[in-house]
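Listed below, chain by chain, are the residues.
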Amino acid sequence: MTETTIEFNFDEEAHESFETGSNDPAVGARVQIGDTYVVGGPGSYTREFIEAFVIGLIEAGLAILNEEGYVLDYYIDAMYLVFEPIDEERVNLAFCYSERAVEDPDYRGKRSPKLHEPEAVAPTRQLAEEISSAAETYLDVVQQYDPEAGTDHVEPLLTTLKEKLNDQF
């Protein structure tokens, strides 16, 4: 089975932000499926506004368990993390730099030879479980500074995802 991992790098800057009451600082993130880094790379992370990123991941997890697609839109730049169910057991995850690449998988990687738009296929359940685990990691870290952090948005979504995982499989 293809291993799927989602990692966060809560560096000193992130911890300083948490200490000052920010629950959504830019934090390093990496998503790897097998040998493919869909977000980040070996020894490197992309910077994500962590709470918004975690919420998007959980919403994506819920969508793929319903065999629905999901696009996590970065809003800042033309960047998208695309979740595309292939069937009940597998989902394609792609990082895209244009709306056209989101809508047309055949267009991916053709916009510019310098822009790598990585994608890989992950087992649906394993990806949803990894999303759940990553969300728990975020909550564990941020709640060290503010026990109420994440209770408005992240915790309710995470509870729904966990229930869906338990009910569906």
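To be clear, the structure that these remarks concern was listed above.
Just so you know, the residues in each chain are numbered from 1, in the order the chain's sequence is written. In view of the model being predicted, local features appear only for residues whose pLDDT reaches at least 70, and side-chain atom pairs are presented and counted only at 80 or more, with totals across whole chains, interfaces and linings using the full set of residues. Side-chain metrics in this entry use all non-hydrogen atoms of the structure; hydrogen atoms and water are not considered.

Quick word on the overall build of the chain
Phase 1: Secondary structure follows DSSP: runs of H or I at least 4 residues long count as helices, runs of E at least 2 residues long count as strands, and numbering of each begins at the N terminus. Assigned secondary structure in the chain consists of five helices and eight strands.
Phase 2: Reading the chain from its N end, one meets helices and strands in the order β-α-β-β-β-α-β-β-β-α-β-α-α.
Phase 3: The reference for a compact globule is 2.2 Å times residues^0.38; the radius of gyration itself is calculated from the C-alpha atoms. Radius of gyration (C-alpha) of the chain: 16 Å, near the 15 Å computed for a compact globule of 169 residues.
Phase 4: Counting only residues that meet the buried cut, the chain has 46% of its 169 residues in that class.
Phase 5: Residues are treated as being in contact if the distance between any of their heavy atoms lies within 4.5 Å. Of the contacts made within the chain by residues no fewer than 6 positions apart, 53% connect residues no fewer than 24 positions apart. Working definition: with a 1.4 Å probe on protein chains only, accessible area under 20% of the residue-type maximum means buried, over 50% means exposed, and in between means partly exposed.

Quick word on the packing of aromatic side chains
The relative placement of two aromatic rings is captured by the distance of their centres and the angle of their planes.
Phase 1: For Phe, Tyr and Trp, where Trp contributes only its six-membered ring, two rings pair if their centres lie within 6.5 Å, and the inter-plane angle classes them as stacked under 30 degrees, edge-to-face over 60, or tilted in between. Per the stated rule, a full pass over the model turns up eight aromatic pairs.
Phase 2: One aromatic cluster is present, built from ring pairs that chain together Phe8, Phe10, Phe18, Phe53, Tyr74, Phe95, Tyr97 and Tyr145.
Phase 3: Of note, Arg30 hangs over the ring of Tyr45, and the distance from its end group to the ring centre comes to 4.2 Å. Working rule: Lys NZ or Arg CZ, within 6 Å of ring centre, within 35 degrees of ring normal, means a charge sits over the ring.

Observations concerning the packing of helix H2 (residues 50-65) against helix H5 (residues 154-168)
Phase 1: Fitted lines through C-alpha atoms serve as axes, helices being fitted only where they are in contact, and the angles separating the N-to-C directions of these axes extend from 0 to 180 degrees. Two elements in contact, H2 and H5, have axes separated by 10 Å at closest approach and are oriented at 25 degrees. By the angle between their axes, H2 is roughly parallel relative to H5. Where H2 crosses over H5, the two elements pack in a sense that is left-handed. Between H2 and H5, the residues in contact are Glu51, Val54, Ile55, Ile58, Glu59, Gly61, Leu62 and Leu65 and Val154, Leu157, Leu158, Thr160, Leu161, Lys164, Leu165 and Gln168, respectively.
Phase 2: Grouping the constituent residues of the contact of H2 with H5 by class yields ten nonpolar, three polar and three charged. Here is the rule for angles: anything less than 35 degrees is roughly parallel, anything more than 145 is roughly antiparallel, 65 through 115 is roughly perpendicular, and the remaining ranges are oblique. Each crossing gets its handedness from the near helix: less than a right angle anticlockwise from the far helix is left-handed, clockwise is right-handed. Under the scheme applied here, ten amino acids are nonpolar (Ala, Val, Leu, Ile, Met, Phe, Trp, Tyr, Cys and Pro), four are charged (Asp, Glu, Lys and Arg), and all others, including Gly, are polar.

Structural notes on the packing of helix H4 (residues 124-142) against H5
Phase 1: It is the contact of H4 with H5, at a shortest axis distance of 10 Å, that shows an interaxial angle of 150 degrees. With respect to H5, the element H4 is oriented roughly antiparallel. Where H4 crosses over H5, the handedness of that crossing is left-handed. Note on element contacts: H5 touches H4 through Val154, Glu155, Leu158, Leu161, Lys162 and Leu165, opposite Arg125, Ala128, Glu129, Ile131, Ser132, Ala135, Glu136, Tyr138 and Leu139.

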